[in-house]
Protein chains: 2
Amino acid sequence: MGQRNRLQYIILGLLNQHPQTGYDLAKAFENEIGEFWQAQHSQIYPMLKRLEAAGEISHEDTVTGEKLAKKKYTLTSAGREKLVTWVSQPSPELTPSKDEFILKLYFIKTANDPRIQPMLREQYQLHQSQLHHLQQRQETVFPNQKAIDQAYGHYLILDHAIERESHYVEWLAQYLEK
Amino acid sequence: MGQRNRLQYIILGLLNQHPQTGYDLAKAFENEIGEFWQAQHSQIYPMLKRLEAAGEISHEDTVTGEKLAKKKYTLTSAGREKLVTWVSQPSPELTPSKDEFILKLYFIKTANDPRIQPMLREQYQLHQSQLHHLQQRQETVFPNQKAIDQAYGHYLILDHAIERESHYVEWLAQYLEK
DNA sequence: GTACCCATGTAAAGTGTTACATGATTAC
DNA sequence: GTAATCATGTAACACTTTACATGGGTAC
């Protein structure tokens, strides 16, 4: 990963939805898109500066209350163009993934090793609760067809995340002893 | 990711299966376990030095042909202990994943955007061919029950990878227009 | 008044990729 | 002989996380 600087495009994409602050972006990386990309604020703020220096975004200071200064960032037309180009480009590479639990299983040689079942149970609970969480979010964010139509992309990735978790849970259950 | 130095444990786990060279390890990160962890030789060789300095592995020089020197690494008892501890430890965190294609979908707002179908088709082909590749590997590596019993962990992770790809493909197909 | 969240930033350290470098062996 | 693969290593750079640092706003 890395070195292709995908983060910049994701920030452009998020800002294209509506102008937001760095703090808002950091929240988005925990919620809406957290299933498929992560970034901390320490990575976001410098990137916003870079994008602004490159003329792809601009900011407006807004003041809440006494003097809390926020920087609300917006795409420039150059930024919007760059975003469109990125989205239109093919993504011909499989996403590498790193799953520590699955690897631990790999290092267990025999099917009757007593460590397997507790490990499976732990992961089952972990993914089951994540699945519930995602399903609840789907119910609240997309209660009807209209909500889906208005944020189709968001619907797609949430649906994908739910499918992924649900099959992970099924796979675990298959090897769980009753 | 990072900062927990998982790579060291994976190397210990691989060496525990049988003594190997850094080159062999690099190959393993492309093949057997490439679905769930990746590392280049530039990361592996320094790690081998670190592990050896820490007394967790040791190496033996072997010479093939005229003077090709290989370093075959083996676990020490300290290394084996460290590996067992790691495997026995819980893995209570969900694996973060980064999927550029899914994110691009997120930035497309409407279901009838003309970019969606070509993107889905591209990913369909990509994951379909990956699925075939994994299925073929399963057939050749695990032709019978005996092979499964002898490398149960390997069987599990290959099975998991196949399930994952196969559901990814199904998910894509669901949104593909005929 | 205090705990929690909003809000922005920088520094340090760790992890990972690409490129640089070199040489031996094997299959054609 | 030459291309592909085996084999080992370092350097530079890019990316990511954790920690350091600061201050305002809001709910109890």
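Just so you know, the residues in each chain are numbered from 1, in the order the chain's sequence is written. Working convention: letters from A go to chains and numbers from 1 go to ligands, in the order in which they are written. Residue-level local features of this predicted model are given only where pLDDT is at least 70; pairs of side-chain atoms are given and counted only at 80 or more, and the full residue set underlies all totals for whole chains, interfaces and linings. The basis for every side-chain value is the complete set of non-hydrogen atoms in the structure, without hydrogens or water.

An unreviewed UniProt entry lists chain A under the name PadR family transcriptional regulator, from Levilactobacillus fuyuanensis.

Enquirer: Teacher, can you tell me more about the overall build of chain A here?
Expert: Under the scheme used here, helices are H or I runs from DSSP no shorter than 4 residues and strands are E runs no shorter than 2 residues, and both carry numbers assigned from the N terminus. Helix and strand counts for chain A stand at 8 helices and 2 strands. From first element to last, N terminus to C terminus, chain A shows the α and β order α-α-α-β-β-α-α-α-α-α. Two things to know: the radius of gyration comes from C-alpha atoms, and the globule rule equals 2.2 Å times the number of residues to the power 0.38. Rg of the C-alpha trace for chain A: 20 Å, well past the compact-globule value of 16 Å for 178 residues, more than 25% over. Structurally, chain A occupies a C-alpha span of about 60 × 40 × 40 Å along its principal axes. A separation threshold of at least 6 residues defines the contact pool for chain A, and within that pool the share at least 24 residues apart is 55%. The contact criterion used is simple: two residues touch if any of their non-hydrogen atoms lie within 4.5 Å.

Enquirer: Sorry if this is basic, but what is going on with the interface of chain B and chain A here?
Expert: How big an interface is tends to be stated in terms of accessible area lost as the parts join. The interface of chain B with chain A comprises 65 residues on the first partner and 66 residues on the second. Interface area, chain B with chain A, both sides summed: about 6400 Å², of which 62% is carbon and sulfur. A pairing counts as a salt bridge when a side-chain nitrogen of Lys or Arg comes within 4 Å of a carboxyl oxygen of Asp or Glu. At the boundary of chain B with chain A, the tally comes to 2 salt bridges. Measuring nitrogen to oxygen at the nearest pair gives 2.7 Å for the salt bridge that ties B:E100 to A:R6. In the analysis that follows, any N or O atom pair within 3.5 Å is treated as a polar contact, provided that within protein one partner can donate a hydrogen and the other can accept it, and provided that, for residues neighboring in sequence, both atoms belong to side chains. Inspection of the region where chain B meets chain A yields 31 residue pairs in polar contact (both at pLDDT 80 or more). Residue assignment for the side of chain B that touches chain A shows that the elements contributing at least two residues are α1 (6–17), α4 (77–88), α5 (100–106), α6 (116–141) and α8 (152–175) of chain B. It is α8(B) that contributes the most residues to the side of chain B that touches chain A, 15 residues altogether. Gly is put with the polar residues, along with every residue not named as nonpolar or charged; the nonpolar set is Ala, Val, Leu, Ile, Met, Phe, Trp, Tyr, Cys and Pro, and the charged set is Asp, Glu, Lys and Arg. Of the residues belonging to the side of chain B that touches chain A, the class tally is 33 nonpolar, 17 polar and 15 charged. Buried area, as used here, totals the accessible surface that two parts lose on assembly, with accessibility defined by a 1.4 Å probe and the loss added over both.

Enquirer: Would you mind going over the layout of surface pockets with me for this structure?
Expert: In this approach a probe as big as a water molecule rolls over the atoms, and the regions it shows empty are the leftover space. Approximately 390 Å³ is the volume found for the second largest pocket. Throughout, the protein atoms alone are placed on a 1 Å grid, and a set of points is a cavity if a 1.4 Å probe fits but cannot get out or a pocket if it is open with protein on both sides within 12 Å along at least five of seven lines; lining residues have an atom within 4 Å of a point. If you go around the second largest pocket, you meet 24 residues; those closest to its centre are A:E100, B:R4, B:R6, B:P92 and B:E93. Residue classes in the lining of the second largest pocket are distributed as 9 nonpolar, 7 polar and 8 charged. Grid points are joined across faces, edges and corners, and a volume is the space filled by probe spheres set on the points.

Enquirer: Mind showing me how you'd approach the pattern of salt bridges here?
Expert: Oppositely charged side chains can form a pair if their charged atoms are brought close together. All names here are of chain B. Evaluation of the coordinates by the stated rule reveals 12 salt bridges over all chains. Here E93 and R4 are joined by a salt bridge, their closest N and O atoms 3.5 Å apart. Within this pair, whereas E93 is found in the loop between α4 and α5, its partner R4 is found in the segment before α1, the two being separated by 89 residues in sequence. Per-residue accessibility, obtained with a 1.4 Å probe over protein chains only, is compared with the maximum for each type, and a residue is labelled buried under 20%, exposed over 50%, and partly exposed between these values. Classification of E93 by relative accessible area gives partly exposed; the value is 48%. For K82, the salt bridge identified is with E56, shortest N-O distance 2.9 Å. Separated by 26 residues along the polypeptide, K82 in helix α4 and E56 in the loop between α3 (41–53) and β1 (57–64) bring together distant segments of the chain. By relative accessible area, K82 is classed as partly exposed at 22%.

Enquirer: What is the right way to read helix α6 (residues 116–141) of chain A from this model?
Expert: Helix length check: α6(A), at 26 residues, gives a terminal C-alpha distance of 37 Å against a target of 38 Å (1.5 Å per residue), a fit within 8%. On its buried side, α6(A) packs onto α5 (100–106) and α8 (152–175) of chain A together with α4 and α8 of chain B. Expected span of a helix, by definition, is 1.5 Å for each gap between consecutive residues, and there is one gap fewer than residues.

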